[in-house]
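The lines below spell out each chain.
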Amino acid sequence: MAKKDALKNKSVAVIGAGWAGCAAACELAQQGALVTLLESSRNLGGRARGVTVHGRELDNGQHILLGAYTESLRLMRLVGIDTQTALLNLPLQMVYPALEDGMSFIAPRLPAPLHLLLALITSAGLSFADKMALARFSSTARWMGWRLNEDCSVIELLERFDQTPRLCHLMWIPLCIAALNTPPERASAQVFLNVLRDSLGANRAASDMLIPRLDLSRIFPEKAAEYVRTHGGQVLPAHTATGLLQNENGKWQIELKQAEAQAQIYDAVILASDFANAGRLLSTLPAKDQVPLTVMGYEPITTCYLQYAPGVRLPRPMLALLDNVAQKKWGQYVFDRGQLQPDQAGLLAVVVSVSQAATEIDRNELAMDIAAQLTQSLGMQDLAQPVWHQCISEKRATFSCTPGLNRPDNQTAYSGLYLAGDYTKGDYPATLEGAVRSGITAAQAIVKDVKAAKI
């Protein structure tokens, strides 16, 4: 661990106040750096932020964390978030509303791997063949060290491991979509195994499912901004970077869209925007032996909020849903917001991942389709007509996590310039933890280069 004053008197600019940028800023501030955190938007959080919907403080997308997200949890605590109260902690589970079509898999709070063994034995809706296939997958993956000699798609992995169609349909494919937000036929099996390794393959707490009770801006980015300010740094929302300049002494200057913004000189800069904006800023620099950023595809996520009477309550805070786009069944998971925050009683959030079609159809039509899906799935007729609804689509929510994707390093060819973002090289897909880890890695790279007198 670096000393707390490892970056004392060093000035560092972080461009982008999403979760990666906020993580980098906090890590830098903790090491004594004078941090300037710049964000083009007026709100912090990037693609995982709080929004106001019908007078409610919600999110631009319903998220879930895992107990395995150790760095996210560490930084939340660092900035003053009580994770015990800010997150609803649920044991690992995959529960559908009806057993005739779905399953019920709930891990008891016992030491690993006993929790998974008992969850498997007591699970309902799975045949003996399904349970044996699940046990075979887990044991084989552990034996392999959760590593593949060559990456392939998740579908190919499931075929190699002889997983049953029902188990794939009810567990593996929904988990793949939830974790990687990429269709299983073109999702990276190795990244999927990385997530399973750190959750199913680790201690029991690592597999816990953590649902935020606060909106995503309040649960980390806003507190991160406070932490930076209290450590002598500054946070500048509504400041858009348009270019980068490096002087003859290796110091950095950021060109800003705001004409009134005062120019500052920095010892180092972290580009913590998405890869498109990072590529745009890199292109303003003189040509160097810089490997161009890989052109990545995007995957959308839509969250549909439906408000019902306060007395409406689901059997559990979160339920899995059977999606079928051909039948206009869009949702894969539904969350009961009233079980997260009492003042949101009757509010349901339905997540629709990896569906471009869901971003293109009429918002009212999509909401009514989802209301009909909930009515049929849950057998609750009062779900057919919500009091109000709001569909929020992030068309570029995540990068497409495909097999063998060449993700860029945090280090660039320019001294004192680094990348941070969930798309950079790492074990995780485009998750909050992936973003946070990238920010920490970029900050640690600065510490290393300062010690080596490179900056």
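Scroll up to find the structure this text is about.
Residues numbered from 1 in each chain as written. Predicted model: local features only at pLDDT ≥ 70, side-chain atom pairs only at ≥ 80, totals over all residues. Heavy atoms only, no water.

### As for the sheet that holds strand β10 (residues 234–236)
Argument step 1. Pairing within the open sheet is parallel, and its five strands lie in the order β10-β2-β1-β14-β20. Every interior strand has two partners, whereas the edge strands, β10 and β20 (417–419), have only one. The mean angle between the axes of side-by-side strands here comes to 15 degrees, regardless of whether they run parallel or antiparallel.
Argument step 2. Where strand β1 (residues 11–15) and strand β2 (residues 34–38) come together, five bridges link them in parallel fashion. Each bridged residue has a counterpart across the sheet, and for V12 the counterpart in β2 is V35.
Argument step 3. Strands β1, β2 and β14 (268–271) of the sheet are contacted by helix α1 (residues 19–30), whose axis makes an angle of about 170 degrees with β2. (Pairing = 2+ DSSP bridges. Helix = DSSP H or I, 4+ residues; strand = E, 2+ residues; numbered from the N terminus. Axes fitted to C-alpha atoms, helices over the stretch in contact; angles between N-to-C directions. Contact = heavy atoms within 4.5 Å.)

### Quick notes on the packing of helix α4 (residues 114–122) against helix α5 (residues 128–143)
Argument step 1. Closest axis-to-axis distance for the α4/α5 pair is 10 Å, and the angle between their directions is 160 degrees. In terms of orientation, α4 and α5 fall into the roughly antiparallel class. With respect to the hand of their crossing, α4 and α5 are arranged in right-handed fashion. Residues L116, L120 and I121 of α4 form the contact with α5, whose participating residues are K131, L134, A135 and R142.
Argument step 2. Here the contact of α4 with α5 is built from residues that sort into five nonpolar, no polar and two charged. (Parallel < 35°, antiparallel > 145°, perpendicular 65-115°, else oblique. Left-handed = near helix turned anticlockwise from the far one by under 90°. Nonpolar A, V, L, I, M, F, W, Y, C, P; charged D, E, K, R; others polar.)

### As for the pattern of salt bridges
One side chain can pair with another of opposite charge once the charged atoms of both are near each other.
Argument step 1. Under the definition given, this model contains 15 salt bridges.
Argument step 2. Its salt-bridge partner being D198, residue R197 comes within 2.8 Å of it at the nearest N-O pair.
Argument step 3. Taking the relative accessible area as the measure of exposure, D198 reaches 17% and is therefore buried.
Argument step 4. Taken together, the salt bridges that share partners define one network made up of E27, E71 and R74. (Salt bridge = Lys/Arg side-chain N within 4 Å of Asp/Glu carboxyl O. Buried < 20%, exposed > 50% of the residue type's maximum accessible area, 1.4 Å probe, protein only.)

### Considering the packing of aromatic side chains
Argument step 1. The tally for this structure, following the rule as stated, stands at seven aromatic pairs.
Argument step 2. Seen from their ring centres, W172 and F192 are 6.4 Å apart, and the 90 degrees between their planes marks the pair as edge-to-face. Here F192 lies in helix α8 (residues 189–199) and W172 lies in helix α7 (residues 165–180), a separation of 20 residues in the sequence.
Argument step 3. One aromatic cluster is present, built from ring pairs that chain together F137, F161, W172 and F192.
Argument step 4. It is R437 that lies over the ring of Y428; its NZ or CZ is 4.4 Å from the centre. (Phe/Tyr/Trp six-rings, centres within 6.5 Å; stacked < 30°, edge-to-face > 60°. Lys NZ or Arg CZ within 6 Å of the ring centre and 35° of its normal.)

### Quick word on α5
Argument step 1. Over its 16 residues, α5 runs 22 Å from end to end, which matches the ideal 22 Å to within 8%, given 1.5 Å per residue.
Argument step 2. Along α5, the positions that sit buried rather than exposed are D130, K131, A133, L134, F137 and A141. Projection of α5 onto a plane perpendicular to its axis shows the buried side chains occupying an angular sector of 160 degrees, all on one side. Across from the buried face of α5, at angles greater than 90 degrees, the exposed residues are F128 and W143.
Argument step 3. The elements touched by buried residues of α5 are β8 (104–106), α4, α6 (154–160), α7 and α8.
Argument step 4. Directly after α5, the chain includes G145, whose backbone phi takes a positive value near 70 degrees. (Expected span 1.5 Å × (residues − 1). Arc of directions from axis to C-beta.)

### Some remarks on helix α11 (residues 275–282)
Argument step 1. Along α11, the positions that sit buried rather than exposed are F275, A278, L281 and L282. One side of α11 carries all its buried residues, which in axial view fall inside an arc of 120 degrees.
Argument step 2. Of the surrounding secondary structure, the elements contacted by the buried residues of α11 are β1, β11 (241–246), β14, β15 (298–307), β19 (388–399) and β20.
Argument step 3. Put simply, D274 is the residue that caps the front of α11, since its side-chain oxygen is 3.1 Å from the backbone nitrogen of A276. (Polar contact = N/O pair within 3.5 Å; in protein donor to acceptor, adjacent residues only side chain to side chain.)

### Describing the packing of α7 against α8
Argument step 1. Axis separation between α7 and α8 bottoms out at 10 Å; the angle between their running directions is 95 degrees. The angle between α7 and α8 falls in the class roughly perpendicular. Residue-level inspection shows W172, L175, C176, A179 and L180 of α7 in contact with α8, the latter providing V191, F192, V195 and L196.

### Quick look at the environment of S283
Argument step 1. Turning to its location among the elements, S283 is positioned in the loop between α11 and β15.
Argument step 2. C-alpha separation for the pair S283 and K10, spaced 273 residues apart in sequence, amounts to 26 Å.

### Remarks on a nonpolar patch on the surface
Argument step 1. Together, L110, L114, L117, L118 and I121 give the surface a local cluster of nonpolar side chains, amounting to about 400 Å² of exposed area.
Argument step 2. Judged by its relative accessible area of 46%, L117 is partly exposed. (Patch = residues over 30% accessible without salt bridge, like charges linked within 9 Å, V, L, I, M, F, W, Y side chains within 5 Å. Areas by Shrake-Rupley, 256 points an atom, 1.4 Å probe, with all protein chains shown as cover.)

### Notes on the sheet that holds strand β18 (residues 347–353)
The pairing of strands in a sheet happens through backbone hydrogen bonds and is either parallel or antiparallel.
Argument step 1. Reading across the sheet, the five strands line up as β16-β17-β18-β15-β19 and stay open at both edges, with antiparallel pairing between neighbours. Here the strands that pair on one side only, and so sit at the sheet edges, are β16 (318–320) and β19. Ignoring strand direction, the axes of neighbouring strands in this sheet form an average angle of 20 degrees.
Argument step 2. In this sheet, strand β17 (residues 333–336) lies alongside β16 in antiparallel orientation, the contact comprising three bridges. Paired with L319 across the two strands is V334, which belongs to β17.

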